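Coordinate inspection notes
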Amino acid sequence: MTETPSGSGPSRVVEVERKYDVDDGTPLPEWRGVPGVDAVSAGEIRELDARYLDTVDAALSRAGVALRRRTGGPDAGWHIKGPREGDGRLEIGWPLDADAGDAESVPAAVAETLSRWTTGGLTPLARIENTRTAYLLTGPQGVVAEFVDDRVRATDLRHDVRREWREWELELGPAAPADAAGREALFAAAEEAIFAVGGREAASGSKLARALGF
């Protein structure tokens, strides 16, 4: 579900997604049998580069919030990811023209929204580079879900520790079922396809947590 305010306000997106761990050579799933899906797009490659910031005492992380500035892909910009509620998480976004090109200087509009969690000084936390291949799973009414195959290279900037891994994400699209039962049926069918080729439930809740060793 997406809400985009009028004027110059930020975008607001409620992301409903699940993540999966996969090995380097795991083949992509076959999507036959996923309800409402009758076509899969060709993969679109996106090179993403995100810098994450937090206070020295990790006020944002402790609140379940993440702040990043990301380049690359269709949603490049500043993002605040709010606390997770089930499979959903509110993401508030601003375009890159909100800043002056400085990956560590938080624009005023972003800082104002962030103030509900902290007004403390922010420092670099992690850099996450990601070669993403994105696929749209579509049906008669449009995009049911977006499936992404991520090859991640992360650096914990606090300790200069580097980690690499591969993971998948499945995020519901605007044509996904609106009811909880329908969404569960969709995820169940998709996970049957994912687990059949060797995918596993993600051991870590987010790329940032994994970058930091959690």
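Each value, and the rule that gives it
Residues numbered from 1 in each chain as written. Predicted model: local features only at pLDDT ≥ 70, side-chain atom pairs only at ≥ 80, totals over all residues. Heavy atoms only, no water. Helix = DSSP H or I, 4+ residues; strand = E, 2+ residues; numbered from the N terminus. Rg over C-alpha atoms; globule rule 2.2 N^0.38 Å. Buried < 20%, exposed > 50% of the residue type's maximum accessible area, 1.4 Å probe, protein only. Contact = heavy atoms within 4.5 Å. Areas by Shrake-Rupley, 256 points an atom, 1.4 Å probe, with all protein chains shown as cover. Lys, Arg positive; Asp, Glu negative; His and termini not counted. Charge placed at Lys NZ, Arg CZ, Asp CG, Glu CD. Polar contact = N/O pair within 3.5 Å; in protein donor to acceptor, adjacent residues only side chain to side chain. Core = buried A, V, L, I, M, F, W, Y, C linked by side-chain atoms within 4.5 Å. 1 Å grid on protein atoms, 1.4 Å probe; cavity = no way out; pocket = protein on both sides within 12 Å on 5 of 7 lines; lining within 4 Å. Points joined across faces, edges and corners; volume = space filled by probe spheres on them. Nonpolar A, V, L, I, M, F, W, Y, C, P; charged D, E, K, R; others polar. pLDDT = per-residue confidence, 0-100.

**Brief notes about the overall build of the chain**
Secondary structure summary: the chain contains 4 helices and 11 strands in total. Its C-alpha atoms give the chain a radius of gyration of 17 Å, near enough to 17 Å, the size a compact globule of 214 residues would have. The principal-axis extents of the C-alpha atoms in the chain amount to approximately 50 × 40 × 30 Å. Across the 214 residues that make up the chain, the buried fraction comes to 44%. In the chain, the share of contacts with a sequence separation of at least 24, taken over all contacts with a separation of at least 6, comes to 65%. Accessible surface computed for the chain: about 10,700 Å², of which carbon and sulfur atoms make up 51%. Within the chain, the 37 negative side-chain charges are centred at a point lying 3 Å from the centre of the 26 positive side-chain charges.

**Thoughts on the side chain of arginine 166**
Locating arginine 166 in the fold gives a position in strand S10 (residues 161–172). Within the local environment of arginine 166, its side chain forms a polar contact with the backbone oxygen of aspartate 23, the two atoms lying 2.9 Å apart. Among the polar contacts listed, one links the side chain of arginine 166 to the side chain of aspartate 149, at a separation of 2.9 Å. What arginine 166 contacts, discounting residues up to four positions off in sequence, is Asp21, Val22, Asp23, Asp24, Gly25, Thr26, Leu28, Asp149, Asp150 and Arg151.

**Some thoughts on the nonpolar core**
Counting 21 residues, the largest nonpolar core has Trp31, Phe147 and Leu170 as its most contacted members. Listed by contribution, the elements that provide at least two residues to this core are strand S2 (11–21), strand S8 (123–139), strand S9 (142–156), S10 and helix H3 (180–196). Top element by residues in this core is H3. It accounts for 6 residues. In terms of nonpolar packing, the next biggest core, distinct from the first, is built from 12 residues, Ala66, Leu125, Val152 and Leu212 among them.

**A few points about the layout of surface pockets**
Reported here for the second largest pocket is a volume of approximately 200 Å³. What lines the second largest pocket is Glu17, Arg18, Lys19, Tyr20, Arg84, Gly86, Asp87, Glu191, Glu201, Ala202, Ser204 and Gly205. For the lining of the second largest pocket, the leading source of residues is S2, giving 4 residues. Residue composition of the lining of the second largest pocket, grouped by class: 2 nonpolar, 3 polar and 7 charged.

**Brief notes about the confidence of the model for the chain**
For the chain, per-residue confidence averages 92 on the pLDDT scale, and residues scoring 70 or more make up 93% of the total. Below a pLDDT of 50 lies the segment residues 1–7, which in the model reaches 9 contacts outside its immediate sequence neighbourhood of four places, other chains included.

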